[in-house]
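Close look at the chain arrangement
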Amino acid sequence: MSAIIHIDQLGKTYSSGHTALSDISLDIQEGEIFALLGPNGAGKTTLISIVCGIVNPGSGRVLVGGHDIVRDYRASRGLIGLVPQELVNDVFETVWATVSFSRGLFGKKPNPAYIEQLLKELSLWDKRDAKLIELSGGMKRRVMIAKALSHEPRVLFLDEPTAGVDVELRRDMWAMVRRLRERGVTVILTTHYIEEAEEMADRIGIIRKGELILVEDKAVLMQRLGRKELILHLKEPLSALPDSLVPFRLERIEEGHGLRYPFDSQDEDSGIPRLLTALAAAGIELRDLKSKESSLEDIFVSLLKEGV
Amino acid sequence: MNLYAIRAIYLFELARTWRTLLQSIATPVISTSLYFVVFGSAIGSSMAQVHGVSYGAFIVPGLIMLALLTESISNASFGIYMPRYAGTIYEVLSAPISPLEIVIGYVGAAATKSVILGVVILLTARLFVDFEIAHPVWMLAYLLLTAFTFSLFGFIVGLWADGWEKLQVVPALIVTPLTFLGGAFYSISMLPELWQTITLFNPVVYLISAFRWTFYGVADVNVALSFAMTGVFLVACLAVVSWMFRTGYRLKN
């Protein structure tokens, strides 16, 4: 894979003096799904807006498909489709008219057959003659996706695509993103729903206070930073750990009614059999036990708290 | 040049006109007809000729110019302000389209609407009064020049405005009074000498005078000067729009 987006030392300070981005360098590979995570105000939307041409870059350089976004903006913008965070629509336009308008705006010859196929894929075909003002929020979101895809972009930016949409639409959108990837479209999404990134992304970037603090393959990230733990529920509460259990780094929880045992899921020797033997030897009886794997959300929260 | 984009913006804007036909065309035509009834027929019938032209016919160019100026500014300012207000401007800014192409799309559509309106008013006026057009080619050329120039000015207003109220300020509080005081209903030679001099500082005087010349071959001020003034205003508007896009004024952070 080659980088379809190359961001080199990008910085942005608004006229108010607020520094939204500091020295961001990032390559996004063609055909991948890249999730950009970060808390509110971290700079996700500013980064997307600069690449798409909506916000002027400060320092640094951005190339899309090898084209500089300032000097060669026609070529770079023509490759990009954007679904912004806000639900903004020309409410008195029909679905068909607004999607066709977007295609024209991006310099593409009218292609009714393609627009028809797009609207059908997004379950909008029945609503093609409806005015946007008559549509539900979920349908309006689909229209925005149709507009972004109307000119057959090679890169699709989804800024908080599933914010405020119901579960069904969210699942539909995930399926659509996968179909796009199969066609070779690069998808960059920002999201608050870590579950979404966990479900879909190939790589994760975490941005905090305008700085990209981590970029990692999702599977590697979950392996490297993911932790497993065994939760043991005891028949009788334990006021203190016996000396024989100290080496296991156990943590008393639920006022002594339980014990937490963290272990490395990648390590062949988890230590669990030895722990169970030691517990039996110490006369501690178990009521229940379960193992738990840390989610991407746990990793994300701990990264934001601790930094990298 | 991204011709498909220009076409998309142009047709999108014209589609809005057809959707709001009553407001876009019918309202100005009705209000202009009322001017003809009141000033042309009721009052005009008891007025003497002006520069050898009946009063009803004399006010035709001024009334067309009044509608042309206010509608060009209103249409163009609304055309660009609306997407800014609604947030849909993101799509135009992220499209592979140059500032010039954006201006051609929006301003071209606004000017087209104004020219259509001007022609409709001209035909309406013909129902009330008899008149002949002495220089039809110049009349059409000046109609186009004025419509485009003031649509461009309206585009600037639409970029400058940060609220609905400001959109109304320029056409209602500046252009309409200047047009009324710019000889739409009288020849400035009818004014006392001091007021004639003061009136020459009103730019609309030059517009109405030149447009009236294309109809009747008579003008309050030099025709070449009027054309030159309009041209200078067009160049000034182009310079301002160019600066706005270069700096991202009210469009980009």
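What you are looking at is a predicted structure, and each value in this text was computed from that prediction instead of being measured.

**Things to note about the overall build of chain A**
- In terms of helices and strands, chain A carries 10 helices and 14 strands.
- For chain A, whose C-alpha radius of gyration is 24 Å, the value lies well above the compact-globule estimate of 19 Å for 308 residues.
- When its C-alpha atoms are laid out on the principal axes, chain A stretches across 80 × 45 × 40 Å.
- Buried positions account for 49% of the 308 residues belonging to chain A.
- Long-range pairs, those at least 24 residues apart, make up 69% of the contacts in chain A between residues at least 6 apart in sequence.
- Per element, the accessible surface of chain A, about 14500 Å² overall, is 48% carbon and sulfur.

**Here's the deal with the UniProt feature "domain: ABC transmembrane type-2" (unreviewed entry) in chain B**
- Following the UniProt record, one finds the feature "domain: ABC transmembrane type-2" (unreviewed entry) at residues 19–248 of chain B.
- A distance of 31 Å separates the end C-alpha atoms of residues 19–248 of chain B, which is 78% helix and 0% strand.

**A closer look at the pattern of salt bridges**
Residues and elements named next belong to chain A.
- Going through the model one piece at a time under the given rule, you end up with 19 salt bridges over all chains.
- A salt bridge links Arg178 to Glu199, with the shortest nitrogen-to-oxygen separation between them at 2.9 Å. Of this pair, Arg178 sits in helix H6 (residues 167–182) while Glu199 sits in helix H7 (residues 194–200), and the two are 21 residues apart along the sequence.
- The exposure class of Glu199 is partly exposed, given its relative accessible area of 38%.

**Brief notes about the interface of chain B and chain A**
- Counting residues at the interface gives 26 residues for chain B, matched by 29 residues for chain A.
- Note on chain B versus chain A: buried area summed over both sides is about 2600 Å², and carbon and sulfur give 58% of it.
- For the pair chain B and chain A, the interface holds three salt bridges.
- Its salt-bridge partner being Lys147 of chain A, residue Glu91 of chain B comes within 3.1 Å of it at the nearest N-O pair.
- Elements with a contribution of two residues or more to the side of chain B that touches chain A: helix H1 (3–19), helix H4 (89–94) and helix H5 (99–128) of chain B.
- Ranked by the residues each element gives to the side of chain B that touches chain A, the list is headed by H1 of chain B, at seven residues.
- Taken together, the residues that form the side of chain B that touches chain A break down as 14 nonpolar, seven polar and five charged.

**Things to note about the UniProt feature "transmembrane region" (unreviewed entry) in chain B**
Residue and element names in this part refer to chain B.
- Look at the UniProt record and you will see "transmembrane region" (unreviewed entry) annotated at residues 20–43, 55–82, 102–125, 137–161, 167–188, 200–219 and 225–245.
- Taken end to end, residues 20–43 is 96% helix and 0% strand, and its two terminal C-alpha atoms sit 33 Å from one another.
- Taken end to end, residues 55–82 is 100% helix and 0% strand, and its first and last C-alpha atoms sit 40 Å apart.

**A closer look at the sheet that holds strand S5 (residues 67–68) of chain A**
Residue and element names in this part refer to chain A.
- The sheet built from four strands is open, its strands ordered S2-S1-S4-S5 with antiparallel pairing. In this open sheet, the two edge strands, each paired with only one partner strand, are strand S2 (19–29) and S5.
- In the sheet, strand S1 (residues 3–13) pairs with strand S4 (residues 59–64) via five bridges, with the strands oriented antiparallel. Bridging from a neighbouring strand, Ile7 pairs with Val62 of S4.
- Seen against the sheet, helix H1 (residues 44–52) touches S1, S2 and S4 and runs at an angle of roughly 115° to S1.

Rules of the game
- Residues numbered from 1 in each chain as written.
- Chains lettered and ligands numbered in written order.
- Predicted model: local features only at pLDDT ≥ 70, side-chain atom pairs only at ≥ 80, totals over all residues.
- Heavy atoms only, no water.
- Helix = DSSP H or I, 4+ residues; strand = E, 2+ residues; numbered from the N terminus.
- Rg over C-alpha atoms; globule rule 2.2 N^0.38 Å.
- Buried < 20%, exposed > 50% of the residue type's maximum accessible area, 1.4 Å probe, protein only.
- Contact = heavy atoms within 4.5 Å.
- Areas by Shrake-Rupley, 256 points an atom, 1.4 Å probe, with all protein chains shown as cover.
- UniProt positions renumbered as here; feature names shortened; annotations may be inferred.
- Salt bridge = Lys/Arg side-chain N within 4 Å of Asp/Glu carboxyl O.
- Buried area = accessible area lost by both parts, 1.4 Å probe.
- Nonpolar A, V, L, I, M, F, W, Y, C, P; charged D, E, K, R; others polar.
- Pairing = 2+ DSSP bridges.
- Axes fitted to C-alpha atoms, helices over the stretch in contact; angles between N-to-C directions.

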